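Okay, here's what each chain looks like letter by letter:
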Amino acid sequence: MGIEMNKTMKAVVKYDNVAGATEIRDVPIPEPGPSDVLVKVAFIGVCGTDPHMHRNLTSFKINVPLILGHEFAGTIVKAGSEVQGWKSGDRITSETHADYCGVCPLCRSNQYHLCRERKGFGFHIDGAFAGYVKVPSRILHKVPDNVSLREASLTEPLCVAYKSVVCNSLVRPGDTVAVIGPGPIGMLCIKMAQICGASEIIAIGTSGDENRLKQSLSYGATMALDSSKEDVAAKIKSLGDCYGADLVVDTAGASQALALSLDIVRPAGQITRIGWGPKPVGFTLDPMIAKSVTVQGHFSHTWDVWEKCLVLMSKGQADLKPLITHELPIDQWEYAFELIESRKAMKVVLTPIDE
Ligand SMILES: [Zn+2]
Ligand SMILES: [Zn+2]
């Protein structure tokens, strides 16, 4: 039983703010503070931002050296002296907000995910591509008995979809929802739109997305469109009353995706943007005014959303298992990143390699 005997663990470490400066290292097992727990990691999801950080494509600087990985589930092996309600052996998943101040106006109004002091696992604080991770007990969530830790490691992306589609958009039965980008977040937004009762759910991808578009049809989409093969805007504006989609969810982020969103959204409709696109848009936003469109950005999630998502998983309303296409040990992190970037994988989960 590793923890008492081993003082080190294998971890995927980004060690410099230059492209490619990531490697497997032996690092000390973290020591939990009074309000933390130490979690033995079972599974970690690979997020689209992980390869970006590896290749230094992010607009922010990373606190190097840093263990990557922010989507995880595991078992508590040690609880700090002030921790209440959690004990060794508890199966948990965790929010990604490794730190936030707790006292600013945003923290006090359940918007702590937007606190200026917020620090994310795998971005500013050591993450979970490792044998163990230290987690403040305030962001822990219990994994229901009938949900596997493998599936629970994907709770975070489901929370992104829940917060953006359920909390920050309005979807009603009878609505048409278009989702741009059939990656994991897109698929989960499709699922949330289905749960909310949308009647037409359109997945939009491009060349290279053929398999993902196909999968979207068995995951809640009623229609899948490939923008490299057909005129997506004309198709969507020929449906129903021909005014366009009530809600467009953009998980892709590039400026063409915003242009398409403005084209296919109906007057007085909504555009919810989740995907990041660091480049300037380069076109007029006047259609936003002419159509009286609500455009809103979306980032992250909060405690209440995590609890709801775990209920959806436990009750089988959101089954995340079909999204996991690959499982690899963490020393194959580079191959995992390749699978994500080439869109060959939908979701890859990694497993620790410590005893
Ligand atoms: Zn992520
Ligand atoms: Zn705060």
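Relevant structure appears above.
Structural notes, computed from the coordinates. Worth saying up front: this structure is predicted, and the values here are computed from it rather than measured.

Considering the sheet that holds strand 4 (residues 66-67)
The sheet built from three strands is open, its strands ordered 2-1-4 with antiparallel pairing. Whereas interior strands pair on both sides, the edge strands pair on one side only; in this sheet they are strand 2 (22-28) and strand 4. Judged from the seven bridges that link them, strand 1 (residues 8-14) and strand 2 form a sheet pairing that is antiparallel. Bridge pairing links Lys-10 to Asp-26 in strand 2.

Regarding the nonpolar core
Residues Phe-129, Val-177, Ala-178, Val-179 and Cys-189 are the most contacted members of the largest nonpolar core, which totals 100 residues. Here this core gathers at least three residues from each of two domains, domain 1 (2-154 + 320-351) and domain 2 (159-297). In this view, Cys-189 contacts Ala-161, Ser-164, Val-165, Val-179, Val-249 and Thr-251; residues no more than four positions away in its chain are not counted.

Remarks on the sheet that holds strand 13 (residues 223-226)
Strand pairing in a sheet takes place through backbone hydrogen bonds and is either antiparallel or parallel in direction. Spatially, 13-12-11-14-15-16 is the arrangement adopted by the six strands of the open sheet, whose pairing is parallel. Where the open sheet ends on each side, the last strands, each with one partner, are strand 13 and strand 16 (294-297). Strand-to-strand twist across the sheet, computed as the mean angle between neighbouring axes with direction ignored, equals 15°. Pairing of strand 12 (residues 200-205) with strand 13 involves four bridges; the strand directions are parallel. Paired with Ile-204 across the strands is Leu-225, a residue of strand 13. Across the face of the sheet, helix 6 (residues 184-195) comes into contact with strand 11 (176-180), strand 12 and strand 14 (245-250) while running at roughly 170° to strand 12.

Parameters and conventions
- Residues numbered from 1 in each chain as written.
- Chains lettered and ligands numbered in written order.
- Predicted model: local features only at pLDDT ≥ 70, side-chain atom pairs only at ≥ 80, totals over all residues.
- Pairing = 2+ DSSP bridges.
- Helix = DSSP H or I, 4+ residues; strand = E, 2+ residues; numbered from the N terminus.
- Core = buried A, V, L, I, M, F, W, Y, C linked by C-beta atoms within 7 Å.
- Buried ≥ 20, exposed ≤ 12 C-beta atoms within 10 Å, placed from the backbone.
- Domains from an automatic or database assignment.
- Contact = placed C-beta atoms within 7 Å.
- Axes fitted to C-alpha atoms, helices over the stretch in contact; angles between N-to-C directions.

Interpretation in functional terms is not warranted from these geometric data alone.
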